Structure formats: structure tokens, C-alpha cells
Amino acid sequence: MVTGASSGIGREAALLLADQNCRSLLVGRNGAALDEVAAATQGHRIAVDLAGPGSEVTVASRASELLGDVDLLICSAGLGAAGPFDVMPPSTIQDLVAVNVLAPMMLVRAMLPAMLERGQGRILLVGSIAGVLGVRGEVAYSASKAAMVGFADALRSEVGGRGISVTLCLPGAVDTPFFHRRGAPYVRRWPRPIPAGLVAQRMLTATGRGDAEVWVPRWLSAAARVHGAAPSLYRRLAGVFG
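Residues numbered from 1 in each chain as written. Predicted model: local features only at pLDDT ≥ 70, side-chain atom pairs only at ≥ 80, totals over all residues. Heavy atoms only, no water.

> Break down the overall build of the protein for me, citing the residues and quoting the values.
Helices and strands together make up the secondary structure of the protein, namely 10 helices and nine strands. Counting all 242 residues of the protein, 46% fall into the buried class. Long-range contacts, defined here as pairs at least 24 residues apart, represent 66% of the contacts in the protein between residues at least 6 apart. (Helix = DSSP H or I, 4+ residues; strand = E, 2+ residues; numbered from the N terminus. Buried < 20%, exposed > 50% of the residue type's maximum accessible area, 1.4 Å probe, protein only. Contact = heavy atoms within 4.5 Å.)

> Please give an account of the packing of helix α1 (residues 8-19) against helix α2 (residues 31-41) that cites residues and values.
Viewed as axis vectors pointing N to C, α1 and α2 meet at an angle of 20°, and their least axial separation amounts to 9 Å. With respect to α2, the element α1 is oriented roughly parallel. Between α1 and α2 lies a crossing of right-handed hand. Between α1 and α2, the residues in contact are R11, A14, L15 and A18 and V37, A40 and T41, respectively. By residue class, the composition of the contact of α1 with α2 is five nonpolar, one polar and one charged. (Axes fitted to C-alpha atoms, helices over the stretch in contact; angles between N-to-C directions. Parallel < 35°, antiparallel > 145°, perpendicular 65-115°, else oblique. Left-handed = near helix turned anticlockwise from the far one by under 90°. Nonpolar A, V, L, I, M, F, W, Y, C, P; charged D, E, K, R; others polar.)

> Describe α1, naming the residues involved and giving the relevant values.
Counted at 1.5 Å a residue, the expected span for α1 with its 12 residues is 16 Å, and the 17 Å between its end C-alpha atoms agrees. Taken together, the buried positions of α1 are G8, I9, G10, A13, A14, L17 and A18. Remark: N21 follows α1 within two positions and exhibits a positive phi of approximately 65°. (Expected span 1.5 Å × (residues − 1).)

> Can you lay out the pairing of strand β5 (residues 121-126) for me, pointing to particular residues and giving the numbers?
The buried fraction of β5 is high, at five of six residues. Bridge count for strand β4 (residues 72-75) against β5 is four bridges, and the pairing is parallel. Of the residues in β5, the one forming a bridge with L73 is I123. Crossover β4 to β5 through helix α4 (residues 90-118) is right-handed. As paired strands, β5 and strand β6 (residues 164-171) are joined by six bridges and run parallel to one another. When the sheet's bridge partners are listed, I123 is paired in β6 with V166. (Pairing = 2+ DSSP bridges. Right-handed = clockwise from strand over helix to strand, strands pointing away.)

Written as C-alpha cells, this is what we have:
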């Protein structure tokens, strides 16, 4: 199952899975875009807003009907928001938490019991470097993605040794419609956005190996190490480079 499958990283992941002859259920809010991806992948699709109460039950039930056992759950749906936190509308913050935090948690909660019963399953969560380091001008978004870091770590510990792997993908800026949809373009000259297909390829490879984390590009992990080992130095650098 792939959420956020109508565009960006989710779409690219669905295409790669189809190349491996995997049967997929594609989940997203844009029905027309999902139709195109479903046609290209020969996959099933369901247009639904995962932020809606009870939507995860509907999706899990549909997955069981169409696929039987779900071996891999990819949570790549997400919203973005940018701008000063002090003037950000409360509704924007609520939407971010609903889509970026509650939706993947509830969907994993709906799918996990069957995986545990079989003693087999892979969960792939798409986070962001913003959730590890925090990004100026993206306070609420950073907080929502930080929640995914804690969720992945805790869930991985809880299901360890029970046949379930939990992989967290931590991409930097990615060349997708994400920035257009959030209403604020990507303006930094460095680092340059990377192709969504590269992120999808690397995160699927990492998931296949059962890796805990995958950074795309890999050098981003160095920034996280500086943040952890020398936080005061990191803050000075962040003040200069943003």
C-alpha cells in the first residue's frame, strides 16, 4: 500500500514497485491523478482523505479485499507549510498535524495487527530532514516531521524481534509539487532539490534490507551528527545558512 501515490515520492515508489511486479493499492486525495498512476502500474486505487476520522479503517479493509496480506505499507502522504509561526493560521497547524502525524499513525495502527499476527511486514515512513534539524520558517512542518522520528524509533523498538521492520526515510528538498502546494516556493540556492525518483529508489532499497533509516542525499546525516555532537556549533551554522 502506498499513500500519497498521486504525485511526488509516493508516485515514484508506486512505479518502481510495479516494475518489480508488485500488486499495490494506491491511496491519495486526487482521484484523477490516482487514475493515471493506477493505469501506469496496473494497481488498485482508492481516493480518500486520510485525515478524515475512520478513513484508515476504510483503507485497511479495502486493502484486505484487494490484496489480501499487505507486506509493505508506505506512508508518504504529507502537507507542507511555510511562513512565520506567529502569524500561521491555527487551521494550517491543525491540518499539518492531521495529515503528517495522525494519518500515518492511525493507518499503521490499522495495518499492524495483521502484520504481527503473520509475523511479517515492512513499514516505510517518509519523514524529512526538517524533522531532525528543524528549519527556520517551517516551524509547524518541522514539528510534525519530528513526531515521525519519535514514532518510528518507538515503534521499531516495540515490534523488534516480531518480524516487522520500520524504516524512516529522511529526504532533504525534493523536486515535487510539494512547494507549490504549500504556497511558498523553494528559494534556497543550496542544497538543490533532488529527483523524487532517487528518493523512492533509495528508500525502497533500504526497506528491502530492513534498514532503520535512510538519508537522501546521504551527506545530510553529517549535519545531523554535528547537531547531536556539537549543538552550539550547529546553531551558529544554521544562523548563517538557514
